[in-house]
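Residue-level structure breakdown
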Amino acid sequence: MGKIVLITGATSGIGLACARRFAENGDKLILTGRNEHRLAEIRKELTEKGTEVLIMAFDVRDSKKAKKYISELPTEWQKIDVLVNNAGLALGLEPEYEGDLDDWETMIDTNIKGLLTMTRLIVPGMVERNSGHIINVGSVAGDAAYAGGNVYCATKAAVKALSDGLRIDVANTAIRVTNLKPGLVETNFSNIRFKGDVERAAKLYTGIEPLTGDDIADVAVYAANAPAHVQIAEVLILATHQASGSVIVRK
């Protein structure tokens, strides 16, 4: 019998790839995101292939709306087995002393507070059932800062600390916590970071074959299906010619 998997930020990139991979695994999906129309398209795509899908359109920054949606889940969807905290973004590459305050607030509210909100809403049920798995999508950026990364790197360092802290908090249960730390992944991520400047975003992937959302989703599904006594605590996933957040060899 498949699991119930809730994925935030499921309308594109790593979140969408995770939705498709978990669907192929035979799991039931609760997909969240800000774009209701896109969520409906994805639900149609996956249900036509036999997957049960529930969609919830809200921004993880809106804790009141998130609480409302989770509290109103139909009974048959309430026992969430896997929470994939994927929703996140980067904005800008300016030096810290020239950063945009609104960009900082958006990143902190999404990458940290949004993750915390979903964790707070879902994990108590897992503790009560003594079963569950939280998969947080962090980043290589959480290991060390890179030029222009400052606040984004700080938010992903927070994801690592929050993952480690949660793992300690649930160590007396059968719940597992995984922090996935991707490197260079070609998704809509860079288009968002550069606010629609497609040409600038494309330059990030010049001369190197980057990871894809599917590569990260493969690791997420693997971790979720490891034997019950195995906890994949943290995985750093890099393109072959990337050594760290700041060292990339381009051909």
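Residues numbered from 1 in each chain as written. Predicted model: local features only at pLDDT ≥ 70, side-chain atom pairs only at ≥ 80, totals over all residues. Heavy atoms only, no water.

1. Quick notes on helix 4 (residues 101-129)
Owing to its 3.6 residues per turn, the α-helix brings residues three or four apart onto one side. In this model helix 4 runs 41 Å from its N-terminal to its C-terminal C-alpha over 29 residues, within 8% of the 42 Å that 1.5 Å per residue would give. By the largest-angle criterion, Lys113 marks the main kink of helix 4, which is about 35°. Of the residues that open helix 4, the one with a side-chain oxygen 2.8 Å from the backbone nitrogen of Asp102 is Asp100. Of the residues flanking the end of helix 4, it is Asn130, one or two places downstream, whose phi is positive at about 55°. (Helix = DSSP H or I, 4+ residues; strand = E, 2+ residues; numbered from the N terminus. Expected span 1.5 Å × (residues − 1). Bend = angle between axes of the 7 residues up to and from the residue. Polar contact = N/O pair within 3.5 Å; in protein donor to acceptor, adjacent residues only side chain to side chain.)

2. Things to note about the environment of Asp62
Its location among the elements puts Asp62 in the loop between strand 3 (53-57) and helix 3 (63-71). Between the C-alpha atom of Asp62 and that of Asp109, which follows or precedes it by 47 residues, the distance is 9.0 Å. At 3.1 Å, the side chain of Asp62 forms a polar contact with the backbone nitrogen of Lys65.

3. Comments concerning the layout of surface pockets
Where empty space is left in the structure can be found by rolling a water-sized probe over the atoms. Considered as a void within the structure, the second largest pocket measures approximately 260 Å³ in volume. Lining the second largest pocket are 13 residues, with Gln78, Lys79, Leu121, Gly125 and Arg129 sitting closest to its centre. No other element matches helix 4, which puts six residues into the lining of the second largest pocket. Here the residues of the lining of the second largest pocket sort into six nonpolar, four polar and three charged. (1 Å grid on protein atoms, 1.4 Å probe; cavity = no way out; pocket = protein on both sides within 12 Å on 5 of 7 lines; lining within 4 Å. Points joined across faces, edges and corners; volume = space filled by probe spheres on them. Nonpolar A, V, L, I, M, F, W, Y, C, P; charged D, E, K, R; others polar.)

4. Some details on the packing of helix 4 against helix 5 (residues 150-169)
Orientation of helix 4 relative to helix 5, taken along the N-to-C sense of each, is 15°, at an axis distance of 8 Å. The pairing of helix 4 with helix 5 is recorded here as roughly parallel in orientation. In the packing of helix 4 onto helix 5, the handedness of the crossing is right-handed. Residues Trp104, Met107, Ile108, Asn111, Ile112, Leu115, Leu116, Thr119 and Val123 of helix 4 form the contact with helix 5, whose own contacting residues are Asn150, Val151, Tyr152, Thr155, Lys156, Ala158, Val159, Leu162 and Leu166. Grouping the amino acids of the contact of helix 4 with helix 5 by side-chain chemistry returns 13 nonpolar, four polar and one charged. (Axes fitted to C-alpha atoms, helices over the stretch in contact; angles between N-to-C directions. Parallel < 35°, antiparallel > 145°, perpendicular 65-115°, else oblique. Left-handed = near helix turned anticlockwise from the far one by under 90°. Contact = heavy atoms within 4.5 Å.)

5. Section: the nonpolar core
Ranked by internal contacts, the top residues of the largest apolar core, which has 40 residues, are Ile7, Phe22, Leu29 and Leu31. Those residues within four positions of Ile7 in sequence are excluded, and the remaining contacts are Gly15, Cys18, Ala19, Phe22, Leu29, Ile30, Leu31, Thr32 and Val84. (Core = buried A, V, L, I, M, F, W, Y, C linked by side-chain atoms within 4.5 Å. Buried < 20%, exposed > 50% of the residue type's maximum accessible area, 1.4 Å probe, protein only.)

6. Topic: the pattern of salt bridges
Scanning the entire structure with this criterion turns up 15 salt bridges. Close ionic contact of Arg21 with Glu24 constitutes a salt bridge, the shortest N to O distance being 3.7 Å. Pair noted here: Arg21 and Glu24 are both in helix 1 (residues 13-24), with a separation of three residues, about one helical turn. Note that Asp164 and Lys160 form a salt bridge whose closest N and O atoms lie 3.2 Å from each other. Highlighted residues: Asp164 and Lys160, both in helix 5, separated by four residues, approximately one helical turn. (Salt bridge = Lys/Arg side-chain N within 4 Å of Asp/Glu carboxyl O.)

7. Concerning the pairing of strand 6 (residues 176-182)
Most of strand 6 is tucked away: seven of the seven residues are buried. Side chains of strand 6 alternate between two faces, with Arg176, Thr178, Leu180 and Pro182 and Val177, Asn179 and Lys181 buried alike. Direction of pairing for strand 5 (residues 133-137) relative to strand 6: parallel, over a ladder of five bridges. Its bridge partner being in strand 6, Asn136 is matched across the sheet by Asn179. The handedness of the strand 5 to strand 6 crossover, carried by helix 5, is right-handed. When strand 6 meets strand 7 (residues 234-237), the two strands line up parallel, connected through four bridges. Among the inter-strand pairings, Asn179 is bridged to a residue of strand 7, identified as Glu234. (Pairing = 2+ DSSP bridges. Right-handed = clockwise from strand over helix to strand, strands pointing away.)

8. Re the environment of Val198
Residue placement: Val198 occurs in helix 7 (residues 198-203). The exposure class of Val198 is exposed, given its relative accessible area of 53%. When the C-alpha positions of Val198 and Asn188 are compared, they lie 9.5 Å apart, and in sequence the two are 10 residues distant.

Everything listed is a geometric property; what it means functionally is a separate question.
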